[in-house]
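Report on the structure
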Amino acid sequence: MQHNLFTTMRSLKIMDGCKGTQVYAFNPSGPNTGGGGGGGVGDKLLNHLQDHLRVNSIRSKLNRGFQAPPNTAPNVVPENLLPHGLPKTDLLEPRIEPCLKSVDFAETLADVYRRIENCSQFEKYKVYLEQCVIFRGLSDPKLFRRSLRSARQHAVDVHMKVVLAAWLRFERREDELIGYSAMDCCGRNLECPKASLVSGYDPESIYDSCSCSRTPREEVDDEILMGHEECSTSEEDGDMSFCIGDEEIRCVRYNIAMLSRPFKAMLYGGFKESRWEKINFSQNGISAEGMRAVVIFSRIKRVGSFDPHTVLELLSLANKFCCEEMKSACDAHLASLICDMEDAMLLIEYGLEETAYLLVAACLQVFLRELPSSIHTPNVMRIFCSSEARERLAMVGHASFALYYFLSQIALDEDMKSNTTVMLLERLQECAVEGWQKQLASHQLGVVMLERKEYKDAQNWFEAAVEVGHVYSLVGVARAKFKRGHKYSAYKQMNSLISDYTPAGWMYQERSIYCCGKEKMTDLKTATDLDPTLSYPYKYRAVSLVEENQLGAAISEINKIIGFKVSPDCLELRAWFSIVLEDYEGALRDVRALLTLDPNYMMFDGKMHGDYLVELLRPHVQQWSQADCWMQLYDRWSSVDDIGSLAVVHHMLANDPGKSLLRFRQSLLLLRLNCQKAAMRSLRLARNYSTSEHERLVYEGWIFYDTGHREEALARAEESISVQRSFEAFFLKAYALADSSLNLESSMYVIQLLEEALRCPSDGLRKGQALNNLGSVYVDCDKLDLAADCYTSALNIKHTRAHQGLARVYHLKNQRKAAYDEMTRLIDKAQNNASAYEKRSEYCDRDMAKSDLIIATQLDPLRTYPYRYRAAVLMDDHKENEAIAELTRAIAFKLDVQLLHLRAAFHESMGDYISTTRDCEAALCLDPSHADTLELYKKPREQINEQQK
């Protein structure tokens, strides 16, 4: 009935949208010359083959994915694999990050932590939102989600609850899950759409079960009272009438007068109507039916039994005559009716015109929970994008920095160069009040304008961000100047930046763009020394080596960063080089891996879809059956070759795209490579393709677990077990339970769950993982012989990582030589072996340990133990400054709780209590429950208080 009534209401106008396409900065020119590998580079390259690529056709398929023609293979020769030549160093540029970036992240984190601790409870959500923005610039999305949950927990008003709850849901991307609707509730107040529409501060109940499934008491009461209402409007019950057209509506004068001061003045004041028994009300925009509803409301103060048309009439009258109680009731009731996009689109205009706070909130909630699809709906964007639209929202209390930050970040991800993105960022700038908000909005507008090649505007926005304190935006100022032809000015800009602040890798990286020759290479080396996680220096050096015909050295260079930080652009470069070397298997491996990270990736300067290149390469490699693929996957998984394993899984999915088990394996590999966004996408696909209820529940459980909802993950695991006992359900439950401080009793329960898992059917890859985990729990319970049995069983089915667990057992048994030998075996077998070198260092003397840890840092600079070990050795040798410098070097590019805690401890031992306090606060900003840091944090504060006294 509701929808039939709504469909007669006004429709909204359509606003045209505009979208652009981002491409990659590689060489669009013809052939290059060079040598290496199996033949001359010049023999392999051709000019552009326009008819071969059909670029526009491929781009049109970008959003739905490329599909090769059935039962056909491209008729190509090796020379056709590189129609666009090789990348050129002149066209490589580092990306300017569209986020806040501090020159001293530790101090920034410490400042945020202090303000969270010291601000009033009603202000906490604002500081948590700032913390979200800071964490957005870090590599761990779990930090951002945790901060977002805290902001939602401390939100006070309905608007903020609606925005933050929708954002939390978006982070889980439930829009991609088949069978889920936008207004589905996960069962907790945290994201519940109904709980979000309840005003008030109640942080303790945020993780409680919500009341979505309960029948609203108000509706029941309304139905009961309706009979009384109908008989209570008879003529003898009233002492006056309102006349509308030919109809008279009897009412009680006192009841109507109590609706508002204007009604009271009209009916009991000095107006002539106060003496009339009949008042003509025909010119006040309300129907006779609507006036009868007003009379009923004046008696019972409820509107739940009226149809939506009538409630809208009451809302309009309430605004006209200042009937606050009636307006609130209408507002709340209409808000409760909004359950989908159609409802929201029909009622948003009424809400804005009548300044109905809850109604607009309910409509916004639908729009936000429909993201990202709603951002491509012109009718929806019309409500947000223009200055006038923002002002209308502000009039109702629904224009905030948080709202436009949420919308603009999705727009940036969807299409950075679109007009929609620009307009949303402009509204974000208008909503910015605090300094960090102005920094972010101005900086992001600068980044977008730079991408749109509007360089003068980009420079202006970057300069605006610098003026309010965002130093990193100087990079944008320099880049915009360079694009406008002022290379020397850009160079001087970066020189001044390096002189004025503690040097950082990104500063030297940027300056390298504006110089050449040895100076450029020196800056790139310094950038890598200061921040080895920056990909541009590796890419530039690799392409430079290709230009010098040193293809082998180029691959070795790009391998350095792929070894610890996998990204599509670096995999593309390596594939490019492999094609030149006629290593088609290596090229195909990398293309398949990068398509796993980004299924819509466009290669070769954005001219060729990755899937098309796969089809071009396939005839040049050995063909595998599905059985061959399983053998290949087993071998690569066993040799800890995660990229090779990804490629095999991608191959298998091409033959069987609906195989949920393969999608799940894909997600595990991606998590091992720290590609969390891609891993979650694979996990959602696994859930969507699952063919049984118990399997679907397991994958939903992993989705909840990986987005920080441990209790929901456990509930899904238990529900799955109740449907059917399976390896994955028991494994999920054990894994989620083990992710906490286990006592002996809970450890024994985890052991029982893993043993149950091992009794269920599964393959060697997963059973090896379960045995490895079981061995770890046995070690924690000091059951070393049982642990050794588990690790040995895992090794027997080629779970190579079990060498590490077995080495730990030998070490605890004081068999250090056996532990060292076990780790050496792992180093020999594993392709990704940085962790093996790190662990082996624990089982040898100091000199050998130093050597292993140097190798571990070279292979993976993001591993923190080597820095902590070297710093501890320096501290033992009374080289305090060198010890702190070792930690500071790592903290500059890897904000880690353990690193910050250790540096705080060193400062404390040296009597530098201010620095101790700062590092403790920075560490607690990352992990507020870190026990060792909380304990250490007390000491310097006590000392500082004593000194102040």
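Not measured: the values here are computed from a predicted model. (Residues numbered from 1 in each chain as written. Predicted model: local features only at pLDDT ≥ 70, side-chain atom pairs only at ≥ 80, totals over all residues. Heavy atoms only, no water.)

**Brief notes about the side chain of R870**
Structurally, R870 can be placed in helix α45 (residues 865-876). On the basis of relative accessible area, R870 is assigned to the buried category, the value being 17%. There is a polar contact of 2.9 Å between the side chain of R870 and the side chain of E886. Dropping the residues within four chain positions of it, R870 is found in contact with L853, I854, T857 and E886. (Helix = DSSP H or I, 4+ residues; strand = E, 2+ residues; numbered from the N terminus. Buried < 20%, exposed > 50% of the residue type's maximum accessible area, 1.4 Å probe, protein only. Polar contact = N/O pair within 3.5 Å; in protein donor to acceptor, adjacent residues only side chain to side chain. Contact = heavy atoms within 4.5 Å.)

**Quick word on the environment of K301**
You can see K301 is positioned in the loop between α11 (288-300) and α12 (308-320). As for K301 and M326, which are separated by 25 residues in sequence, their C-alpha atoms are 7.3 Å apart. Leave out the neighbours within four places in its chain, and K301 touches L259, I296 and E325.

**Examining the sheet that holds strand β1 (residues 240-244)**
In spatial order, the strands read β2-β1-β3; together these three strands make up an open sheet with mixed pairing. Whereas interior strands pair on both sides, the edge strands pair on one side only; in this sheet they are β2 (247-251) and β3 (278-280). Between one strand and the next, the sheet's axes are offset by a mean angle of 25°, whatever the strand orientation. (Pairing = 2+ DSSP bridges. Axes fitted to C-alpha atoms, helices over the stretch in contact; angles between N-to-C directions.)

**Looking at the pairing of β1**
The buried count for β1 comes to five of five residues, which makes it a mostly enclosed element. Burial of β1 is two-sided: the residues M240, F242 and I244 facing one way and the residues S241 and C243 facing the other way are all buried. In this sheet, β2 lies alongside β1 in antiparallel orientation, the contact comprising five bridges. Counted as the bridge partner of S241 is R250 from β2.

**What about the packing of helix α33 (residues 660-672) against helix α35 (residues 693-706)?**
For the pair α33 and α35, interaxial distance at closest approach is 11 Å and the crossing angle is 20°. By the angle class used here, α33 and α35 are roughly parallel. Crossing handedness for the pair α33 and α35: left-handed. Contacts from S660, L661, F664 and L671 in α33 reach E695, Y699, W702 and D706 in α35. For the contact of α33 with α35, the class distribution of residues is five nonpolar, one polar and two charged. (Parallel < 35°, antiparallel > 145°, perpendicular 65-115°, else oblique. Left-handed = near helix turned anticlockwise from the far one by under 90°. Nonpolar A, V, L, I, M, F, W, Y, C, P; charged D, E, K, R; others polar.)

**Things to note about helix α22 (residues 473-483)**
Of all the 11 residues making up α22, nine are buried; the element is thus mostly covered by neighbouring parts of the structure. By the burial criterion, the buried members of α22 are S473, L474, V475, G476, V477, A478, R479, A480 and K481. On the buried face of α22, the contacting elements are α20 (435-451), α21 (455-467), α23 (487-500) and α24 (505-512). Just beyond α22, the residue with positive phi is G485, at close to 95°.

**Looking at helix α15 (residues 357-369)**
Taking 1.5 Å as the rise per residue, α15 with 13 residues should run 18 Å; its terminal C-alpha atoms sit 18 Å apart, in good agreement. Taken across its 13 residues, α15 has 12 buried, putting it largely inside the fold. Residues of α15 that are buried: L358, L359, V360, A361, A362, C363, L364, Q365, V366, F367, L368 and R369. Buried residues along α15 sit against α7 (158-172), α13 (324-337), α14 (341-353), α16 (378-381), α17 (387-395) and α18 (401-414). (Expected span 1.5 Å × (residues − 1).)

**What to know about unusual backbone geometry**
That bond from L371 to P372 is cis: its omega, 5°, falls within 30 degrees of zero. Relative to the helices and strands, P372 is located in the loop between α15 and α16. Positive phi outside glycine occurs at K453, with the angle close to 65°. For K453, a relative accessible area of 62% puts it in the exposed group. Although it is not a glycine, K798 adopts a positive phi angle of roughly 65°. Inspection of the secondary structure assignment puts K798 in the loop between α40 (784-796) and α41 (802-812).

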